[in-house]
Amino acid sequence: MPKQPPPPAVRRDDFDTPWKDVLDRWHRQFLEFFFPVAAADIDWSRGYEFLDKELQKVTRRAVVGRRHADKLIKVWQCSAVERRPGS
C-alpha cells in the first residue's frame, strides 16, 4: 500500500499585520477619522513615539503561541501635562 502524503499545514490568515502597517504610516489620519474628538486633543507639534517594543516586553510573559503586541503610540494632549507614575 503506497504511503499517503502528509496533510497540508494549516494556513492562518494574517489580518493583523496590514492594519498595523497602516497605523505605522497613517496613524494621525486613522485617529482623525475614527476618533476625531481624541485626535483633536493631540498636540501633533510635540511629535509622537511608537512604544511597541516596550509593550511587547510587558506582555511577553503573558503570550501563548505566536502573537504580536498591539500598537502603542505616545502622544501629548493639548489639554494636559505629563504625569509621572506615582505622582
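Everything numeric in this text was worked out from a predicted model, so none of it was measured.

*Asks:* Sorry, what's going on with the confidence of the model for the protein here?
*Replies:* Detailed conclusions should not be drawn from predicted coordinates in areas where pLDDT is low. Predicted confidence across the protein gives a mean pLDDT of 79, with 74% of residues reaching 70 or more. Across the protein, the secondary-structure element scoring lowest on mean pLDDT is helix H3 (residues 52–59), at 74, and the one scoring highest is helix H2 (residues 36–40), at 94.

*Asks:* Where do I start with the side chain of Asp-52 in this structure?
*Replies:* One can find Asp-52 in helix H3. Among the residues examined, Asp-52 registers a relative accessible area of 16% and is labelled buried. For Asp-52, the side chain forms a polar contact with the side chain of Lys-71, separated by 2.5 Å. Side-chain polar atoms of Asp-52 contact the backbone nitrogen of Leu-72, separated by 2.9 Å.

*Asks:* Can you walk me through the pattern of salt bridges in this structure?
*Replies:* It is possible for side chains of opposite charge to pair when their charged atoms get near one another. Counted under the stated rule, the structure contains three salt bridges. Asp-24 is paired through a salt bridge with Lys-71; the nearest N and O atoms lie 2.5 Å apart. Of this pair, Asp-24 sits in helix H1 (residues 16–34) while Lys-71 sits in the loop between H3 and strand S2 (73–74), and the two are 47 residues apart along the sequence. By relative accessible area, which is 36% here, Asp-24 ends up partly exposed. The exposure class of Lys-71 is partly exposed, given its relative accessible area of 22%. Here Lys-71 and Asp-52 are joined by a salt bridge, their closest N and O atoms 2.5 Å apart. With Lys-71 in the loop between H3 and S2 and Asp-52 in helix H3, this pair connects stretches of sequence that are 19 residues apart. In the salt-bridge network here, residues are joined through shared partners; they are Asp-24, Asp-52 and Lys-71.

*Asks:* Explanation requested: the environment of Ser-79 in the structure shown.
*Replies:* In this structure, Ser-79 sits in the segment after S2. Judged by relative accessible area, which is 57%, Ser-79 ranks as exposed. Measuring from C-alpha to C-alpha, the distance between Ser-79 and Asp-41 comes to 6.6 Å, with 38 residues separating the pair along the chain.

*Asks:* I keep staring at H1 and nothing clicks. Help me out?
*Replies:* It helps to recall that an α-helix has 3.6 residues per turn; residues three or four apart then point in one direction. Given a rise of 1.5 Å per residue, 19 residues ought to cover 27 Å, yet the end C-alpha atoms of H1 are separated by just 17 Å, more than 12% below that figure. A maximum bend of about 100° is found in H1 at Trp-26. Burial in H1 covers these residues: Lys-20, Leu-23 and His-27. In this structure, the buried residues of H1 make contact with strand S1 (49–50) and S2.

How each quantity is defined
Residues numbered from 1 in each chain as written. Predicted model: local features only at pLDDT ≥ 70, side-chain atom pairs only at ≥ 80, totals over all residues. Heavy atoms only, no water. pLDDT = per-residue confidence, 0-100. Helix = DSSP H or I, 4+ residues; strand = E, 2+ residues; numbered from the N terminus. Buried < 20%, exposed > 50% of the residue type's maximum accessible area, 1.4 Å probe, protein only. Polar contact = N/O pair within 3.5 Å; in protein donor to acceptor, adjacent residues only side chain to side chain. Salt bridge = Lys/Arg side-chain N within 4 Å of Asp/Glu carboxyl O. Expected span 1.5 Å × (residues − 1). Bend = angle between axes of the 7 residues up to and from the residue. Contact = heavy atoms within 4.5 Å.

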